[in-house]
Amino acid sequence: MSTVPPAVPRASSAAAFTGPLVWRKVVDWLSADGVISADEAQRTIARCSQAESAQNPLVRLSNVAMARASDGRPLDIEALTEYVAQRAGLPYLRIDPLRVDVGRVADTMSATYAERHKVLPVQVTPTEVVVATAEPFVTDWVAEVERQSRRTVRRVVANPQDIHRFTAEFFALAKSVRSAQKAGGASAGSSFEQLVELGKTNKQLDANDQGVVKVVDWLWQYAFDQRASDIHLEPRREQGVIRFRIDGVLHPVYQMPMGVHNAIISRIKLLGRIDVVEKRRPQDGRIKTRNPRGEEVEMRLSTLPTAFGEKMVMRIFDPDNAVKDLDALGFSLHDAQRWESLVKRPHGIILVTGPTGSGKTTTLYSTLKRVATEEVNVSTVEDPIEMIEPSFNQTQVQPQLDFNFAEGLRALMRQDPDIIMVGEIRDLETAEMAIQAALTGHLVFSTLHTNDAPSAITRMMELGVPPYLINATLLGVLAQRLVRTFCKQCKQPDPSAQREALAEVVKPWKLNGAYQPYKAVGCVDCRMTGFQGRMGLYELLTVTEPLKDKINQAPSIEALRRQAVQDGMRPLRLAGALRVAEGVTSLEEVIAATPPLEA
């Protein structure tokens with residue numbers, strides 16, 4: 001496990017002390033090493049001596065908030081833990097639950113043993129077990145664990161609060177999985193390449209089994225806590241795999257027996273009102289629950305039959321990310337003002353383009369939320385409805401009933417709408433209905449799948465829409481991408497060579513300035529990735545009279561792009577380069593996410 005640091009030389013100063021940590025001893029060490037002043041040490045001793053406490057010494061001292069002698073900042077629990085680790089000559093570890101194999105950890109020792117000795121296994125290999133401890137000067141448990149596990153113990157020091165929290169969570173999860181597996185035995189499933197073992201029960205797990213219920217509850221709370229946007233439940237030949245998508249990147253979380261995997265999917269299908277018996281065709285559903293803060297969270301469910309069983313993906317729509325203002329979405333001031341003027345127009349078509357997962361839905365919902373006042377009727381036709389929004393009238397298409405986007409639009413036209421949102425323009429019929437709605441005095445929002453904003457115009461022509469109708473109705477096209485943003489805790493200024501490369505990108509656009517790009521470093525807060533969170537990059541094309549002339553001439557995409565730039569459009573890569581100049585993201589992230597820049 002890459003997050004477990006290598007062993008460090010043992011500090012000679014620690015050799016004189018053995019036994020449980022004592023807060024008074026830690027204060028003496030801090031004072032002797034100059035971490036805190038002598039006056040601060042006396043104040044801390046006076047405050048902590050007023051009453052006895054059963055708290056861990058480091059937790060107790062962190063609550064006092066001792067001031068560092070160097071800069072006056074308070075010593076928090078992590079700083080104190082790291083200091084004690086150095087004093088003991090052991091590596092310091094910030095536990096990342098995504099990198100812990102919970103099943104193997106729970107097999108190393110019992111929960112009772114871990115709680116008694118204030119230790120937690122965090123990595124198990126064929127020859128070694130890495131154990132996090134909150135008591136680095138207590139070693140009487142090491143020989144016993146080595147004998148029981150038949151592995152060498154390597155100790156690391158971790159925050160006592162994390163050890164207490166994850167000990168409870170990891171062992172409870174492992175117990176629930178074992179309970180579920182014991183209740184159901186081996187599951188036959190519907191694997192394309194199933195291994196049949198004689199003499200084993202094929203009893204299916206009950207979706208309402210208490211162990212399965214606890215695992216599902218843990219899965220959701222864990223996903224919310226880790227800021228996951230998607231949960232993947234994937235069947236393999238031997239086991240099921242859980243992965244979370246965080247900031248656009250998938251992270252392995254847990255592996256479980258296939259019987260438990262199938263029971264979890266059945267449980268979620270039950271809660272999402274999906275046919276539990278049907279496993280041969282894809283199905284969709286949704287669940288509403290609450291996150292740890294008590295806010296309602298919607299999850300969209302999608303199942304798919306695969307070679308080894310049923311796969312499920314749950315997309316999480318967190319209320320913090322569902323509706324944002326333009327600044328939070330990532331709009332620059334230049335584009336925010338132009339976008340605001342577009343959405344205030346009384347009628348016409350506004351398109352949002354980009355690949356799947358580029359944030360189109362968030363942009364549309366955030367924009368519609370701003371214009372959905374009590375004086376207007378906002379109606380949508382979606383496939384599927386991504387998020388339930390009380391201020392909209394939302395309708396979902398149902399192809400099995402011949403109710404598609406075009407039929408939904410036709411029905412909406414009789415519902416006295418002011419603003420209409422069509423999930424996607426996929427064919428000429430839908431495009432014609434959207435144009436008809438715009439011509440009759442409605443503001444229409446929709447999406448297309450194109451690489452950039454000018455391509456949306458040629459895409460409409462390819463569908464069969466005449467140029468004169470595009471000129472009459474289209475107001476603008478917003479293309480967008482999502483890029484990861486730097487972790488604020490660890491980003492560092494980039495070398496001058498990177499500044500020169502960035503200057504070359506923006507120079508043709510006459511946007512010269514003082515550039516101070518940063519680079520990703522990696523720390524425990526961002527799981528050593530250097531990035532935390534994502535933001536949008538935007539390319540906004542507005543339909544002007546010169547652009548209409550180009551559209552009438554059956555133009556090339558290059559001619560449209562050049563005219564759009566003259567009208568004020570900043571291409572996606574340029575928008576990204578400006579964010580790099582602000583120190584928000586990296587040039588590599590922008591280049592990977594955006595099409596090439598053509599001046």
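Residues numbered from 1 in each chain as written. Predicted model: local features only at pLDDT ≥ 70, side-chain atom pairs only at ≥ 80, totals over all residues. Heavy atoms only, no water.

The protein appears in an unreviewed UniProt entry as Type II secretion system protein E from Acidovorax temperans. Its UniProt record gives the protein a comment under Sequence similarities (unreviewed entry), which states: "Belongs to the GSP E family." (UniProt positions renumbered as here; feature names shortened; annotations may be inferred.)

Participant: Outline the overall build of the protein, listing residues and values.
Facilitator: Check the secondary structure of the protein and you find 23 helices and 18 strands. Taken across its 599 residues, the protein has 52% of its residues classed as buried. Pairs at least 24 apart in sequence give 65% of the contacts found in the protein among residues at least 6 apart. When the accessible area of the protein is evaluated, it comes to approximately 28000 Å², of which 49% is carbon and sulfur surface. (Helix = DSSP H or I, 4+ residues; strand = E, 2+ residues; numbered from the N terminus. Buried < 20%, exposed > 50% of the residue type's maximum accessible area, 1.4 Å probe, protein only. Contact = heavy atoms within 4.5 Å. Areas by Shrake-Rupley, 256 points an atom, 1.4 Å probe, with all protein chains shown as cover.)

Participant: Report on the pairing of strand S15 (residues 474–486), specifying residues and quantitative values.
Facilitator: Remark: a regular strand shows side chains that alternate across the two faces of the sheet. Within S15, 12 of the 13 residues are buried, leaving the element largely enclosed by the surrounding structure. Relative to S15, strand S10 (residues 348–353) runs parallel, the two sharing five bridges. Note that in S15 the partner of Leu 351 across the bridge is Val 477. Here 10 bridges tie S15 to strand S18 (residues 531–542), and the two strands are oriented antiparallel to one another. Bridge assignment links Arg 481 to a residue of S18, and that residue is Leu 537. (Pairing = 2+ DSSP bridges.)

Participant: Go over unusual backbone geometry with me, naming the residues and quoting the values.
Facilitator: A cis amide bond links Asp 383 to the next residue, Pro 384, at an omega of -10°. Here Pro 384 is to be found in the loop between strand S11 (378–382) and strand S12 (393–396). The phi dihedral of Lys 118 falls on the positive side, at around 55°, and the residue is not glycine. Mapped onto the fold, Lys 118 is located in the loop between helix H6 (111–117) and strand S1 (119–124). The backbone phi angle of Asp 402 is positive, close to 55°, even though this residue is not glycine. By the element assignment, Asp 402 lies in the loop between S12 and helix H15 (405–412).

Participant: Describe the nonpolar core, naming the residues involved and giving the relevant values.
Facilitator: One finds Ile 95, Ile 231, Leu 233, Ile 242, Phe 244 and Ile 268 to be the most contacted residues of the largest nonpolar core, which totals 65 residues. Here this core takes nine residues from helix H9 (residues 210–225), the largest share from any one element. Here this core gathers at least three residues from each of two domains, domain 2 (102–180) and domain 3 (189–320). Residues within four places of Ile 231 in sequence aside, it is in contact with Leu 219, Trp 220, Ala 223, Ile 242, Arg 243, Phe 244, Met 312, Val 313, Met 314 and Ile 316. Listed in part, the 47 residues of the second largest apolar core include Val 444, Val 465, Ile 470 and Leu 572. (Core = buried A, V, L, I, M, F, W, Y, C linked by side-chain atoms within 4.5 Å. Domains from an automatic or database assignment.)

Participant: A description of the state of the cysteines should follow, citing residues and the corresponding values.
Facilitator: All chains considered together, the criterion is met by zero disulfides. Free of any disulfide, Cys 490 has its nearest neighbouring cysteine sulfur in Cys 523, separated by 3.7 Å. (Disulfide = S-S within 2.5 Å.)

Participant: Summarise the environment of Gly 408; cite the residues concerned and give the values.
Facilitator: Among the structural elements, Gly 408 can be located in helix H15. C-alpha of Gly 408 to C-alpha of Glu 382: the two residues are 26 residues apart in sequence and 8.9 Å apart in space.

Participant: Now, about the pattern of salt bridges: what can you tell me, with residues and values included?
Facilitator: The tally for this structure, following the rule as stated, stands at 32 salt bridges. The closest approach of N and O atoms between Arg 154 and Glu 128, which form a salt bridge, is 3.1 Å. Of this pair, Arg 154 sits in strand S3 (residues 152–157) while Glu 128 is found in strand S2 (residues 128–133), placing the two residues 26 residues apart along the sequence. The closest approach of N and O atoms between Asp 383 and Arg 426, which form a salt bridge, is 3.3 Å. One end of the pair, Asp 383, is in the loop between S11 and S12; the other, Arg 426, is in the loop between strand S13 (419–422) and helix H16 (428–439), and 43 residues separate them in sequence. A relative accessible area of 32% places Asp 383 in the partly exposed class. Shared partners join several salt bridges into a network, and the residues in it are Arg 286, Lys 288, Arg 290, Glu 296 and Glu 298. (Salt bridge = Lys/Arg side-chain N within 4 Å of Asp/Glu carboxyl O.)

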